[in-house]
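Close look at the chain arrangement
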Amino acid sequence: MNTGFVILQKYLMTPMAKISQFKIVRAVMAAGMASVPFSIVGSMFLVFNTLPVTFTGLEGFFQNTFFRVSDLYMIANTATIGILALYFNFVVGYELTKIEAEETGLKVNALNGAMLSVFAFFMTLPELVMQNGAITLLNDKNNLVFNGLRLKPFVFRLGTSGIFIAIVMAIVATHLYFLCVRRNWVVKMPETVPLGVSRSFTALIPTFVIAFFVIILNGILIYFGTDIFNIIAVPFAFVTNLTKSWLGIMVILFLIHALWVVGIHGASIIGAFITPIMLTNMTENAAGAHIPFAGEFNNSLVILGGSGSTLLMTFFIAFFAKSSQLKILGRASAVPAIFNINEPVIFGMPIVYNPYLALPFFLAPMVCGTLGYFAINTGFIHPIIALIPWPSPMGLGAFIGTGGDYKAAIVAILSAVVALLIYMPFVKLYDNKLYKEEQGKSESQIQTA
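Remember, predicted model here, so these are calculated numbers, not experimental data.

**Describing the overall build of the protein chain**
The helix and strand tally for the protein chain stands at 20 helices and four strands. With the C-alpha coordinates aligned to their principal axes, the bounding extent of the protein chain is approximately 90 × 60 × 40 Å. Considering the protein chain as a whole, with its 449 residues, one finds that 47% of them fall into the buried category. Here the analysis covers contacts within the protein chain between residues at least 6 apart in sequence; of these, 73% occur between residues at least 24 apart. Just so you have it, the protein chain exposes about 21300 Å², and 69% of that area is on carbon and sulfur atoms. A gap of 4 Å separates the mean positions of the 24 positive and 18 negative side-chain charges of the protein chain.

**Notes on the domain arrangement of the protein chain**
Along its sequence, the protein chain is organised into domain 1 (82–237) and domain 2 (245–439). Using only C-alpha atoms to locate each centre, domain 1 and domain 2 end up separated by 38 Å. Taken together, the contact pairs six residues of domain 1 with six residues of domain 2. When the two sides are added together, the surface that domain 1 and domain 2 hide from each other amounts to roughly 470 Å², 78% of it contributed by carbon and sulfur. When the area that domain 1 buries against domain 2 is broken down by residue, the three leading residues are Phe88, Thr160 and Phe164, summing to 72%. Taken together, domain 1 and domain 2 are joined by zero salt bridges. Between the two partners, domain 1 and domain 2, sit two residue pairs in polar contact (both at pLDDT 80 or more). Of all the elements in the fold, those that place two or more residues in the side of domain 1 that touches domain 2 are α6 (84–104) and α8 (163–182). No other element matches the three residues that α8 contributes to the side of domain 1 that touches domain 2. Classifying every residue of the side of domain 1 that touches domain 2 gives five nonpolar, one polar and no charged.

**As for helix α2 (residues 23–54)**
Helix length check: α2, at 32 residues, gives a terminal C-alpha distance of 44 Å against a target of 46 Å (1.5 Å per residue), a fit within 8%. Residue Val36 marks the point of greatest curvature in α2, where the axis turns by about 35°; the proline Pro37 follows within four residues.

**Quick word on the layout of surface pockets**
Counted as a void, the largest pocket has a volume near 790 Å³. The wall of the largest pocket is formed by 34 residues, among which Ala267, Gly271, Glu296, Asn299 and Trp390 lie closest to the centre. Elements supplying a minimum of two residues to the lining of the largest pocket: α2, α12 (246–261), α13 (266–286) and α14 (297–302). Take the lining of the largest pocket: its biggest share by element is nine residues, from α13. Of the residues contributing to the lining of the largest pocket, the split by class is 18 nonpolar, 14 polar and two charged. Its volume calculated, the second largest pocket comes out at about 550 Å³.

Thresholds, definitions, all that
Residues numbered from 1 in each chain as written. Predicted model: local features only at pLDDT ≥ 70, side-chain atom pairs only at ≥ 80, totals over all residues. Heavy atoms only, no water. Helix = DSSP H or I, 4+ residues; strand = E, 2+ residues; numbered from the N terminus. Buried < 20%, exposed > 50% of the residue type's maximum accessible area, 1.4 Å probe, protein only. Contact = heavy atoms within 4.5 Å. Areas by Shrake-Rupley, 256 points an atom, 1.4 Å probe, with all protein chains shown as cover. Lys, Arg positive; Asp, Glu negative; His and termini not counted. Charge placed at Lys NZ, Arg CZ, Asp CG, Glu CD. Domains from an automatic or database assignment. Buried area = accessible area lost by both parts, 1.4 Å probe. Salt bridge = Lys/Arg side-chain N within 4 Å of Asp/Glu carboxyl O. Polar contact = N/O pair within 3.5 Å; in protein donor to acceptor, adjacent residues only side chain to side chain. Nonpolar A, V, L, I, M, F, W, Y, C, P; charged D, E, K, R; others polar. Expected span 1.5 Å × (residues − 1). Bend = angle between axes of the 7 residues up to and from the residue. 1 Å grid on protein atoms, 1.4 Å probe; cavity = no way out; pocket = protein on both sides within 12 Å on 5 of 7 lines; lining within 4 Å. Points joined across faces, edges and corners; volume = space filled by probe spheres on them.

Next comes the structure, spelled out in structure tokens:
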């Protein structure tokens, strides 16, 4: 086990720790966290609208009441999930510029960086085509494309399908902005000019540079029958497809817990990469797809009680452990565990660098992930269509996230039980070790006295 920890530390912890400090990764992580409240609010309206699908007895009542004004309240869904790429784009641009200013001392303004990112992203929204030697905006009434904007369901490229292009354009826009400032390609105003006016003129030349860059690049791509959006979508589509497989999910769960075992918050680091994918998959599910790895799949069906699926294990040590260390820790950690918070257990047992508990810490979530994947993949439970708060208690998150499927709650409870069964032999072995050590200390103290 010590050799295993050394290998993980050398080949996983060190590279991932460096990756987590990349400015782009930190900015994307911040964007993911910033988008959570909007995603949750928009999802709740969607769940409300799908209740008659699950509880068919409500269909007549909803048709005569809520569905008469559904277009009104579903605007909240459109203005959140429907334009999620815009939130990512703005926050990534803002955070990247803020980080650059704080860490390099470059005189750039975070708000300018955010606005330039939005500008660059919006230039990629319209679809253009070559017709008779001229570049024109696409219009296709059969596919609801008007003046280059594909209206499915709102503006297609503003939704979750546009998150990756939104991130890339924010990176492109901010780095062109940084280049202009470093080269002094900015309009400098006298010190007597108000700060707000001065900042706006500082962004003038970078705006031109970004505009020409996007126009030239997109023009070349359109000539060859594609555009920036479609080019960037190719590699990200490949990564997204990997998450739709059982093996892809197992790799993700392994990486999250491998990082935790060596003391790094695996969920946060890996989350920066998978959050856009899971949000995209969730939106596809709401439109009729059946993708297991979507929304809060992990917190709803896999890592119940926190990373490692430690919920029932925490209660087990609280009431059945022989050692005082585990018994006290379990009782102190039981309530946080209900809400998927288990740092006290991870660092208090500890699970980190603990050869007794490392194997079940890997194994339990991978088995639970397998149960959740096949429960959705076989159609036993509905796919996740709504984002729920990650601290949602066991069963409740799965029930709401799947639009009210009670069988999802049953699968979540079953997963927690299976995780406990995996932990029990290892925890008992570790508990006996601690108990013997405590007994030995007590005897030594008695003899000394």
